[in-house]
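# Examination of the molecular architecture
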Amino acid sequence: MPETIKVGAVVLTMGNRPDEVRALLESVARQEGAPIEVVVVGNGSPLPAFDVPGLTVRTVELPENVGIPAGRNVGIEAFGPGGRDVDVLLFLDDDGLLPRTDTARLCREAFAADPRLGIITFRIADPETGTTQRRHVPRLRASDPMRSSRVTTFLGGANAVRTAVFQQVGGLPDDFFYAHEETDLAWRALDAGWMIDYRSDMVLHHPATAPSRHAVYHRMVARNRVWLARRNLPAVLVPVYLGVWMLLTLARKPSGPALRAWFGGFREGWKTPCGPRRPMKWRTVWRLTRLGRPPVI
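All values derive from a computational prediction rather than experimental measurement.

### Here we look at the packing of helix α7 (residues 238–251) against helix α8 (residues 256–271)
Interhelical geometry of α7 versus α8 gives an angle of 170 degrees and a closest axis separation of 12 Å. Accordingly, the angle class assigned to the pair α7 and α8 is roughly antiparallel. Contact residues: Val238, Leu242, Trp245, Met246, Thr249 and Leu250 in α7; Leu259, Trp262, Phe263, Phe266 and Trp270 in α8. Classifying every residue of the contact of α7 with α8 by side-chain character gives ten nonpolar, one polar and no charged.

And the structure:
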């Protein structure tokens, strides 16, 4: 039954958005149904005490910035190994906000109705304009963000994950630090038989931004793309996947410094350890293809 599904939440922050974090926590406290326990992880930052009426908030302070996936993994483990103390975990960006009060209830209902549903990715909308950027619709046909569908990846700071997924396939890849960690987990989850849904009726308000605002963006995107392929794809698809992404990168005509950073990251991805290699089954390749995103793009 939906009401028996226990939900927790993980918020990762660098301590530079205290007002936004409090507003986010207040929006979590307003969710319908059973109270949600929240863990706030300070990624290399001290944290204040969060006193939010109707909400239990625990904090974990890390001595240094360990990156997004490792920081979120700390949040998962705060709920027991693989998050086993709860059934579902929400992952919410620290400058996001849940504008509706029914998001947690809709998550409970969706997971209760479909036992193979492993991950739900929310629609991200700008709070000022209500628009959703194309990059926040996790499918190739992204022109209609209001259309819900099955997808092959998810948005890292606006999602809900059944904790059984972590217990079966492991958490996010720590060493990625930033970029593509969601796709790595998504591919492993799909390979284990789980499904991923994009739900346009589950909304996270988040200011419209460009991912390239991060200084490490071009290097990390390229390095982690190589790691992603090396870790997860059948050997014959690795050069195809990376070749397609190299052509797409060149077609976008990045600046000279951005392109140099990209190729530096690309070389780094081949020269450095990528973690354990567990190539997906060919039936998973076919599933990704049927869902509209073959693992060559």
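### Observations regarding the side chain of Thr163
Tracing the sequence through the fold places Thr163 in helix α4 (residues 163–169). For Thr163, a relative accessible area of 3% gives the class buried. A distance of 2.7 Å separates the side chain of Thr163 from the backbone oxygen of Val86, its partner in a polar contact. Apart from the residues within four sequence positions on either side, Thr163 is in contact with Gly82, Gly83, Val86, Asp87, Val88 and Leu89.

### Concerning the UniProt feature "domain: Glycosyltransferase 2-like" (unreviewed entry) in the chain
Here, UniProt's "domain: Glycosyltransferase 2-like" (unreviewed entry) annotation points to residues 10–149. In this annotation, residues 10–149 is assigned 24% helix and 23% strand; the end-to-end C-alpha distance for the span is 25 Å.

### With respect to the packing of helix α5 (residues 181–191) against helix α6 (residues 217–232)
One can describe the packing of α5 onto α6 by two numbers: an axis separation of 10 Å at closest approach and a directional angle of 15 degrees. One way to sum up the angle between α5 and α6 is to call them roughly parallel. Helix-helix and strand crossings are classified by hand; for α5 and α6 the assignment is right-handed. Of the residues in α6, those in contact with Thr183, Asp184, Trp187 and Arg188 of α5 are Leu228, Arg231 and Asn232. Of the residues assigned to the contact of α5 with α6, the class counts are two nonpolar, two polar and three charged.

### Remarks on the sheet that holds strand β1 (residues 7–13)
An order of β3-β2-β1-β4-β7-β5-β8-β6 is seen for the eight strands of this open sheet, with the pairing classed as mixed. Edge strands, defined here as strands with exactly one partner in the open sheet, are β3 (56–61) and β6 (149–151). In this sheet, adjacent strand axes meet at a mean angle of 30 degrees when their direction is disregarded. Where strand β4 (residues 88–93) and strand β7 (residues 158–162) come together, five bridges link them in antiparallel fashion. By the bridge assignment, Leu89 is partnered in β7 with Val161. Sitting on the sheet, helix α2 (residues 68–77) touches β1, β2 (37–42), β3 and β4, and the angle it makes with β1 is about 145 degrees.

### Structural notes on the pairing of β2
Of all six residues in β2, five are buried, a share of seventy percent or more. Bridge count for β1 against β2 is six bridges, and the pairing is parallel. Across the sheet, residue Val11 finds its bridge partner in β2, namely Val40. With helix α1 (residues 18–29) bridging β1 and its parallel neighbour β2, the resulting β-α-β unit is right-handed. In terms of strand pairing, β2 meets β3 through six bridges, oriented parallel. Bridging from a neighbouring strand, Val38 pairs with Val57 of β3.

### Considerations on the packing of aromatic side chains
Summed over all chains, the structure comprises five aromatic pairs. Measuring from ring centre to ring centre gives 5.1 Å for Trp262 and Phe263, while their planes differ by 85 degrees; the resulting arrangement is edge-to-face. Its relative accessible area of 7% is what places Trp262 among the buried residues. A connected cluster of aromatic rings, assembled from ring pairs, spans Trp262, Phe263 and Phe266. The aromatic ring of Trp194 is capped on one face by Arg116, whose charged end is 4.5 Å from the ring centroid. Here the basic side chain of Arg225 rests over the ring of Trp245, its NZ or CZ set 3.5 Å away from the ring centre.

Scoring rules and cut-offs
- Along each chain, residues carry numbers from 1 onward, in the same order as the chain's sequence is written.
- Given that this is a predicted model, residues contribute local features only at a pLDDT of at least 70 and side-chain atom pairs are listed and counted only at 80 or more, while totals for whole chains, interfaces and linings are drawn from all residues.
- In computing side-chain values, all of the structure's heavy atoms are included and hydrogens and water are not.
- Angles run from 0 to 180 degrees between N-to-C directions of axes, and those axes are lines fitted to C-alpha atoms, restricted for helices to the stretch in contact.
- Under the scheme used here, helices are H or I runs from DSSP no shorter than 4 residues and strands are E runs no shorter than 2 residues, and both carry numbers assigned from the N terminus.
- Just so you know how the angles are binned, under 35 degrees is roughly parallel, over 145 roughly antiparallel, 65 to 115 roughly perpendicular, and the rest oblique.
- We call two residues in contact when some of their heavy atoms are within 4.5 Å.
- Side-chain classes follow a simple rule in which Ala, Val, Leu, Ile, Met, Phe, Trp, Tyr, Cys and Pro form the nonpolar group, Asp, Glu, Lys and Arg form the charged group, and the remainder, Gly included, forms the polar group.
- Buried, partly exposed and exposed residues are distinguished by accessible area as a fraction of the type maximum, computed with a 1.4 Å probe on protein chains only: under 20%, between the cut-offs, and over 50%, respectively.
- Polar contact criterion, stated in full: a pair of N or O atoms within 3.5 Å, where within protein one must be able to donate a hydrogen and the other to accept it, and residues adjacent in sequence count only if both atoms are side-chain atoms.
- UniProt positions are given in the numbering used here, feature names are shortened, and annotations may be inferred rather than shown by experiment.
- Definitions for this section: a left-handed crossing has its near helix turned counterclockwise from the far helix by less than a right angle. A right-handed crossing has that turn clockwise.
- Strands are treated as partners if at least two bridges between them are detected by DSSP.
- Looking down the strands as they point away from you, a crossover is right-handed if its path from the first strand over the helix to the second goes clockwise.
- Each aromatic pair joins two rings of Phe, Tyr and Trp (for Trp, the six-membered one) with centres within 6.5 Å, and gets the label stacked for planes under 30 degrees apart, edge-to-face for over 60, and tilted for any other angle.
- Here, a charge over a ring means that NZ of Lys or CZ of Arg falls within 6 Å of the ring centre while also lying within 35 degrees of the ring normal.

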